[in-house]
Amino acid sequence: YVLVPKGKAGDRVCKALPSLVDQAATIVRTPVRKSVVFSTVYCALLYELKADEAINGVCDLQYISIPDVQKRARMKPTDARYIVDCGNSMGADIEKIIDLKPEVMLISPFENSGGYGKLESIHIPIIETADYMETSALGRAEWMKFYGMLFGAEEKANSLFAEVEKNYNELKEKGREYTTENNKQTKQTKQKSVIMDKLVGSVWYVPGGGSTIGKMLKDAACGYPWQDDRSAGSLSLSFETVLEKGAEADVWMFRYNSPQAITRNVLLSENRGYEQFKAYKNGELYGCNTATSTFYEDTPFHPELLLRDFLTIMHPDLGLGAPKYFIKVE
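Residues numbered from 1 in each chain as written. Predicted model: local features only at pLDDT ≥ 70, side-chain atom pairs only at ≥ 80, totals over all residues. Heavy atoms only, no water.

Concerning the overall build of the protein
Logical step 1: Within the protein, the regular secondary structure consists of 13 helices and 16 strands.
Logical step 2: The C-alpha extent of the protein, read off along each of the three principal axes, is 70 × 40 × 35 Å.
Logical step 3: Burial analysis of the protein (330 residues in total) assigns 50% to the buried set.
Logical step 4: Considering only residue pairs separated by 6 or more positions, the protein has 62% of its internal contacts joining residues 24 or more positions apart. (Helix = DSSP H or I, 4+ residues; strand = E, 2+ residues; numbered from the N terminus. Buried < 20%, exposed > 50% of the residue type's maximum accessible area, 1.4 Å probe, protein only. Contact = heavy atoms within 4.5 Å.)

Section: the environment of Leu311
Logical step 1: When you line up the elements, Leu311 lands in helix 13 (residues 303-314).
Logical step 2: Counting along the chain gives 137 residues from Leu311 to Lys174, while the straight-line C-alpha distance between them is 8.9 Å.
Logical step 3: Leaving out residues up to four positions away in the same chain, Leu311 has contacts with Leu171, Gly175, Ala220, Pro316, Leu318 and Leu320.

Describing unusual backbone geometry
Logical step 1: Of note, the bond from Thr30 into Pro31 is cis; its omega dihedral lies within 30 degrees of zero at 0°.
Logical step 2: Along the chain, Pro31 falls in the loop between strand 2 (27-30) and strand 3 (35-37).
Logical step 3: At Lys101, a residue that is not glycine, the phi angle is positive and equals roughly 55°.
Logical step 4: Structurally, the position occupied by Lys101 is in the loop between helix 4 (94-100) and strand 8 (104-107).
Logical step 5: Notably, His123 is not glycine yet its phi reads approximately 60°, a positive angle.
Logical step 6: Tracing the backbone through its elements, the reader meets His123 in the loop between strand 8 and strand 9 (126-128).

Things to note about the pairing of strand 13 (residues 234-237)
Logical step 1: Where burial is concerned, the two faces of strand 13 differ: the one with Leu235 and Leu237 is buried and the one with Ser234 and Ser236 is not.
Logical step 2: With four bridges connecting them, strand 12 (residues 203-207) and strand 13 associate as antiparallel partners. Of the residues in strand 13, the one forming a bridge with Pro207 is Ser234. (Pairing = 2+ DSSP bridges.)

Comments concerning helix 13
Helical geometry: 3.6 residues make up each α-helical turn, so side chains three or four residues apart lie on a common side.
Logical step 1: The terminal C-alpha atoms of helix 13 lie 16 Å apart, and with 12 residues this matches the ideal 16 Å at 1.5 Å per residue to within 8%.
Logical step 2: For helix 13, the buried fraction is high: 10 of the 12 residues fall into the buried class.
Logical step 3: Within the sequence span of helix 13, burial applies to Pro303, Glu304, Leu306, Leu307, Asp309, Phe310, Leu311, Thr312, Ile313 and Met314. (Expected span 1.5 Å × (residues − 1).)

Thoughts on the sheet that holds strand 14 (residues 251-256)
Logical step 1: Spatially, the four strands line up as an open sheet ordered 10-14-15-16, and their pairing is mixed. Bordering the open sheet on either side are strand 10 (194-196) and strand 16 (327-328), each of which pairs with just one other strand.
Logical step 2: Contacting strand 10, strand 14 and strand 15 (285-289), helix 13 crosses the sheet at an angle of about 145° to strand 14. (Axes fitted to C-alpha atoms, helices over the stretch in contact; angles between N-to-C directions.)

Let's talk about the pattern of salt bridges
Logical step 1: Using the criterion set out here, one finds 13 salt bridges in the structure.
Logical step 2: For Arg176, the salt bridge identified is with Glu173, shortest N-O distance 2.5 Å. One end of the pair, Arg176, and the other, Glu173, are both in helix 7 (residues 154-186), three residues apart, so they sit about a helical turn from each other.
Logical step 3: Two residues, Asp197 and Arg255, come together in a salt bridge whose shortest N-O distance is 2.7 Å. Placement of Asp197 in the loop between strand 10 and strand 11 (199-200) and of Arg255 in strand 14 is noted, with a sequence separation of 58 residues between them.
Logical step 4: By relative accessible area, Arg255 is classed as partly exposed at 23%. (Salt bridge = Lys/Arg side-chain N within 4 Å of Asp/Glu carboxyl O.)

With respect to the packing of aromatic side chains
Logical step 1: Considering all chains together, one arrives at 22 aromatic pairs under this definition.
Logical step 2: It is Arg264 that lies over the ring of Tyr280; its NZ or CZ is 4.2 Å from the centre. (Phe/Tyr/Trp six-rings, centres within 6.5 Å; stacked < 30°, edge-to-face > 60°. Lys NZ or Arg CZ within 6 Å of the ring centre and 35° of its normal.)

Thoughts on the nonpolar core
Logical step 1: Within the largest apolar cluster, 86 residues are counted, with the highest numbers of intra-cluster contacts made by Trp204, Trp252, Met253, Phe310 and Phe326.
Logical step 2: With seven residues, helix 2 (residues 40-48) is the single largest residue contributor to this core.
Logical step 3: Setting aside chain neighbours within four positions, we find Met253 in contact with Val194, Ile195, Met196, Asp197, Tyr286, Phe310, Ile313, Met314 and Phe326.
Logical step 4: If you look at the next biggest cluster of nonpolar residues, it comprises 16 residues, including Val84, Ala92, Ile94 and Leu100. (Core = buried A, V, L, I, M, F, W, Y, C linked by side-chain atoms within 4.5 Å.)

These results come straight from atomic positions and should not be treated as a statement about function.
In C-alpha cells, the structure reads:
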C-alpha cells in the first residue's frame, strides 16, 4: 500500500507514482473519510480511534453488536451519519457499494480466499485486513498502527498500542512470577492445565500451540495439551482425541453463541461424554457467550483483556478480579 496525503502536494506525488512504485501496489489517499467495513472487529477499532464517522457502509450487520452502528443503520438515508447495510460479507451488494462511493473497503482475505470477484472491478481500493494471520497477540494488535495511518489517527493508534503492549507484558510477567514463586512454595513442577472450546457437530476445534490463543495460554503460565504443536490455526480433532489428551485438565474454557447463558445440564445434553472430563466433574467450566459479549470486537486489538481473563481463571490468587468474557458455568 502507498498512502498519499490528500491535497495538492499529494496530487503531485500521485502523478509521479507510476514510475516510482510497483504497479501491484494499491494507492490510497489519506486520511480516509469514507469506507465500507466488512467486519465488526474493525468497526470497534475505528470507534476507539475516534474515526467512526468514516464508517459509511458495513457487511454482516446482524453480527455487529456495537449499539451506535445498529442505530446509524436504522437512520434515514438522508442523515449524515447513516450507515448503509451492504449485505453479506461473502456476497456484498455491489450496487450499494458503488452508490456509496467509498474511498476504501476493509475486507478480510479469509472471507474471500478465492478472490474478490466483482469487488475488484469497481476500482475502489481494497484493504486486506490480514492481521488475523499473525501468530503473536501483540503482533496482531500492532496492526492498529496501520489502520491509524489510513484514517488519520496515527498518533492515537501509536499511543493506544503502546498502552496495550505495556499492559500485556506486565500481566505476562505477573503470571510468570506467581507461578515460579508458587512452585517454589509447593514444590510442584506441573502447571495448572486447561482445554479450550467444545464440539461443533462431530469436530472439536482446538487452538494450535502456535496460534495466537495457544501462545497466550503459555503467556498465562498454564499447561495446555497442545502447547508443543506448531499449528498457527485450529486443529480439527475428534472427541476421543481431546478426551485422551485433555481428560485430566484442571480447567475447561469454551466459546459459544446463544441467546441464553449455557448451563452444565445444557452442556451435558449436547454430549454426555463431557462428564468424563476432570474439569466438568470439578465444576471448573467457563463459557464465553459471543452472542452477548464483545469478545470478537475487543480481543483482536486488546489481547491484554483476554490474557487477564486467562490469568484470572487459571491463577485466582493473583487477585485480578472477575473475568470479563469467560464466566463460570453453573
